Amino acid sequence: MSLARSVAAPAVLNIADLRRAAMRRVPRVVFDYVDGAADAEVTLRANSSVFDEVLFRPRTAVAAGRANLEVTVLGERFSLPFLLAPVGSTRLLYPKGEVEAARAAAAAGTGYILSTLAGTSLEEVRAGTHGVCWYQVYLVGGREVASAAIERARKVGYTALVLTVDTAISGLRERDYRNGIAQLLASNPFRKLPYVWQILSRPGWLMGYLADGGLMAFPNVVLPEGPMRYAAVAAALEQSVVSWSDLRWIREIWKGPIVIKGILTAEDGLRAADEGAAAVVVSNHGGRQLDGVLPTLRALPEVVAAVRGRLEVLVDGGIRRGSDIVKALILGARAVLVGRAYAYGLGAAGGAGVTRAIEILTADLHRTLRLLGCGALSELEPSMIELPADFGPGRRRLSGLADPGEATDPDRAGQAPATGIH
Ligand SMILES: Cc1cc2nc3c(=O)[nH]c(=O)nc-3n(C[C@H](O)[C@H](O)[C@H](O)COP(=O)(O)O)c2cc1C
């Protein structure tokens with residue numbers, strides 16, 4: 001059976017099926033790099049399980065037609081209310097993985113966000129697709145190195161920059177340590193030896209990987225000595241902490257919209273608005289950074305309420321079904337990003353797998369909307385869900401924090417609420 005057929009319906013009904021297919025095709029070290037998260041993975045699990053706490057209240061006996069799923073984000077029209085999130089090193093999952101994913105996104109009429117830590121150059125990804133591409137920025141290598149990449153992104157037609165602000169240092173991804181990522185990246189073959197079985201047990205993947213050039217560097221992080229090598233990532237991230245002052249120099253060299261990714265509080269949402277960001281992504285990096293932070297769906301209402309339309313609010317984290325997307329939209333997201341949902345597809349079958357992931361989420365969306373009695377995304381409203389009592393602004397009150405609205409007081413904008421627990 002061909003790889004593409006192996007992810008076709010009805011064998012792969014949901015994203016969990018794609019996850020299992022990816023687990024079978026790629027080495028464990030690669031699968032766990034995608035599937036895993038920081039520390040005890042509490043936030044990873046919470047990101048998904050929080051969707052189960054939000055319950056639908058449908059309108060029945062409504063003859064809702066098939067909804068138009070189009071949304072406008074940063075002035076660009078997308079056919080679907082979800083975009084593909086920046087995921088580093090997807091070329092490990094499948095040859096030219098970034099190009100494959102960007103093409104699948106474009107074919108579905110949605111956008112693709114390329115990570116700074118991609119294995120494929122931003123020019124090659126841009127040339128490989130007719131769709132909308134945004135570029136995600138880490139300051140690895142310093143301002144000059146990032147400026148050069150931003151200039152390259154501008155030249156070839158990326159339309160927005162996504163500045164990720166939650167990666168002051170890499171989270172402790174325990175699975176990566178146990179699977180021997182550091183040893184596999186080491187030049188000494190004896191250090192690799194205990195871990196190579198994972199690679200050898202996936203010969204199909206290995207052939208594709210070698211044909212694609214083997215272990216790659218990062219072509220969008222060009223240091224004086226050449227593209228940054230894989231082994232240098234962790235140290236480079238530590239030396240590349242982003243602060244609000246960086247937003248100011250980035251604004252000088254990038255005239256298009258800037259999205260701040262990694263916001264979890266009203267205070268930081270307001271600060272992003274004050275600094276002139278066009279949008280924020282409420283995100284905890286898929287649970288890969290600070291373990292124990294709140295799941296993003298819980299943070300979303302607080303940020304939406306605080307920014308009061310001053311910028312667009314997107315959200316990511318834990319989205320595995322179209323019904324998850326509907327819940328996020330009802331809670332005020334303009335659109336969502338999906339990370340692992342498409343990365344599993346890429347690992348399972350390259351572009352065909354990403355297409356299948358997009359199809360699954362799209363079919364889920366249509367079905368959920370009709371069962372809710374909604375003929376259009378614009379008909380979604382808060383009364384269509386029931387929230388736990390400690391959700392959103394209620395959660396802030398229980399924590400002794402001020403309501404987000406209070407923080408919009410111009411004198412206090414961007415500062416911690418006076419009643420905060422500091
Ligand atoms: C394997 C992997 C690599 C990632 N790499 C990046 C990255 O390079 N830059 C970034 O801003 N976010 C990165 N993320 C975070 C995603 O953009 C997104 O926030 C997260 O995947 C959303 O959660 P989900 O995977 O549950 O959908 C990565 C996520 C994963 C799973």
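Predicted model only: the values in this text are computed from it and were never measured.

## Focus: the overall build of the chain
The helix and strand tally for the chain stands at 19 helices and 14 strands. Taken along its principal axes, the extent of the C-alpha atoms in the chain is 60 × 50 × 40 Å. Counting across all 422 residues of the chain, residues that qualify as buried make up 57%. Counting contacts in the chain only where the partners sit at least 6 residues apart, residues at least 24 apart contribute 72% of the total. Total accessible area on the chain is roughly 17400 Å²; 56% of this is exposed by carbon and sulfur atoms. When the 47 positive and 42 negative side-chain charges of the chain are each reduced to one mean point, those points stand 6 Å apart.

## Quick word on the site of the ligand
Around the ligand, the structure places 21 residues, and the nearest of them are P86, S115, T164, D316 and G318. Between an oxygen atom of the ligand and a main-chain N or O atom of R340, the distance comes to 2.8 Å. Look at the ligand: alone it shows 610 Å² of surface, and the protein chains cover 98% of it. Broken down by class, the residue content of the shell around the ligand amounts to six nonpolar, 10 polar and five charged.

## Things to note about the confidence of the model for the chain
Looking at the chain as a whole, the pLDDT averages 91, with 91% of positions reaching at least 70. Counting interchain partners and residues more than four positions distant, the pLDDT-below-50 stretch residues 406-422 has 27 contacts.

## Concerning the nonpolar core
Soluble globular proteins tend to bury their nonpolar side chains together. Within the largest apolar cluster, 135 residues are counted, with the highest numbers of intra-cluster contacts made by Y112, W134, I260 and L380. For this core, the element with the most residues is helix 18 (residues 340-372), which contributes 15 residues. If we ignore the near neighbours within four places in the chain, the residues touching Y112 are L84, T90, E98, A101, A102, A105, V125, V132, C133, W134 and Y342.

## As for helix 4 (residues 42-53)
Relative to the 16 Å expected for 12 residues at 1.5 Å per residue, helix 4 spans 16 Å between its end C-alpha atoms, a close match to the ideal helical length. Of the positions making up helix 4, those classed as buried are T43, L44, N47, V50 and F51. All buried residues of helix 4 project into a common sector of 140° when viewed along the axis, lining one side. If you follow the buried residues of helix 4, they end up packed against helix 3 (28-35), helix 8 (174-178), helix 16 (296-307), helix 17 (322-330) and helix 18.

## Considerations on the pairing of strand 13 (residues 335-338)
Side chains of strand 13 alternate between two faces, with A335 and L337 and V336 and V338 buried alike. Relative to strand 13, strand 4 (residues 82-84) runs parallel, the two sharing three bridges. In the strand pairing of strand 13, L83 is matched with L337. Sheet analysis places strand 12 (residues 312-316) next to strand 13, joined by three bridges and oriented parallel. Looking at the pairing, V315 lines up with V336 of strand 13.

## Section: the side chain of D32
Tracing the backbone through its elements, the reader meets D32 in helix 3. Side chain to side chain, D32 and N179 meet in a polar contact 2.9 Å long. When residues no more than four places from it in sequence are discounted, the contact partners of D32 are R175, D176 and N179.

## Examining the pattern of salt bridges
All chains considered together, the criterion is met by 21 salt bridges. Across the pair D35 and R175 runs a salt bridge, and its minimum N-O distance is 2.9 Å. One end of the pair, D35, is in helix 3; the other, R175, is in helix 8, and 140 residues separate them in sequence. For D35, a relative accessible area of 5% translates into the label buried. With relative accessibility at 22%, the residue R175 sits in the partly exposed group. In this structure, R248 and E275 form a salt bridge, with 2.8 Å as the shortest nitrogen-oxygen distance. Note that R248 is positioned in helix 14 (residues 244-253) and E275 in the loop between helix 15 (266-274) and strand 11 (279-282), a separation of 27 residues in sequence. Judged by relative accessible area, which is 42%, R248 ranks as partly exposed. Assessed through its relative accessible area of 11%, E275 is described here as buried. Through salt bridges with shared partners, a single network forms among R19, R28, D32, D35, E41 and R175.

## Considering the packing of helix 2 (residues 15-25) against helix 18
Helix 18 packs onto helix 2 with a crossing angle of 170° between their chain directions and a minimal axis gap of 10 Å. Viewed along their axes, helix 2 and helix 18 adopt a mutual orientation that is roughly antiparallel. Contacts between helix 2 and helix 18 involve I15, L18, R19, A21, A22 and R25 from the first element and A341, Y344, G345, L346, G347, A348, G353, R356, A357, I360 and L361 from the second. Classifying every residue of the contact of helix 2 with helix 18 gives 11 nonpolar, three polar and three charged.

## Thoughts on the packing of aromatic side chains
For the coordinates displayed, the defined rule picks out five aromatic pairs. An angle of 75° between the planes, with centres 6.1 Å apart, marks the rings of F78 and W134 as edge-to-face. Here the residue F78 occupies a position in strand 3 (residues 76-78), and W134 occupies one in strand 6 (residues 133-137), the gap between them amounting to 56 residues. Per residue, the accessibility class of F78 equals that of W134, and both read buried.

## A few points about the environment of P227
For P227, the position within the fold is in strand 9 (residues 226-228). Along the primary structure P227 and A217 are separated by 10 residues, whereas in three dimensions their C-alpha atoms are 5.8 Å apart.

Reading guide: rules and limits
Residues numbered from 1 in each chain as written. Predicted model: local features only at pLDDT ≥ 70, side-chain atom pairs only at ≥ 80, totals over all residues. Heavy atoms only, no water. Helix = DSSP H or I, 4+ residues; strand = E, 2+ residues; numbered from the N terminus. Buried < 20%, exposed > 50% of the residue type's maximum accessible area, 1.4 Å probe, protein only. Contact = heavy atoms within 4.5 Å. Areas by Shrake-Rupley, 256 points an atom, 1.4 Å probe, with all protein chains shown as cover. Lys, Arg positive; Asp, Glu negative; His and termini not counted. Charge placed at Lys NZ, Arg CZ, Asp CG, Glu CD. Near = heavy atom within 4 Å. Polar contact = N/O pair within 3.5 Å; in protein donor to acceptor, adjacent residues only side chain to side chain. Nonpolar A, V, L, I, M, F, W, Y, C, P; charged D, E, K, R; others polar. pLDDT = per-residue confidence, 0-100. Core = buried A, V, L, I, M, F, W, Y, C linked by side-chain atoms within 4.5 Å. Expected span 1.5 Å × (residues − 1). Arc of directions from axis to C-beta. Pairing = 2+ DSSP bridges. Salt bridge = Lys/Arg side-chain N within 4 Å of Asp/Glu carboxyl O. Axes fitted to C-alpha atoms, helices over the stretch in contact; angles between N-to-C directions. Parallel < 35°, antiparallel > 145°, perpendicular 65-115°, else oblique. Phe/Tyr/Trp six-rings, centres within 6.5 Å; stacked < 30°, edge-to-face > 60°.

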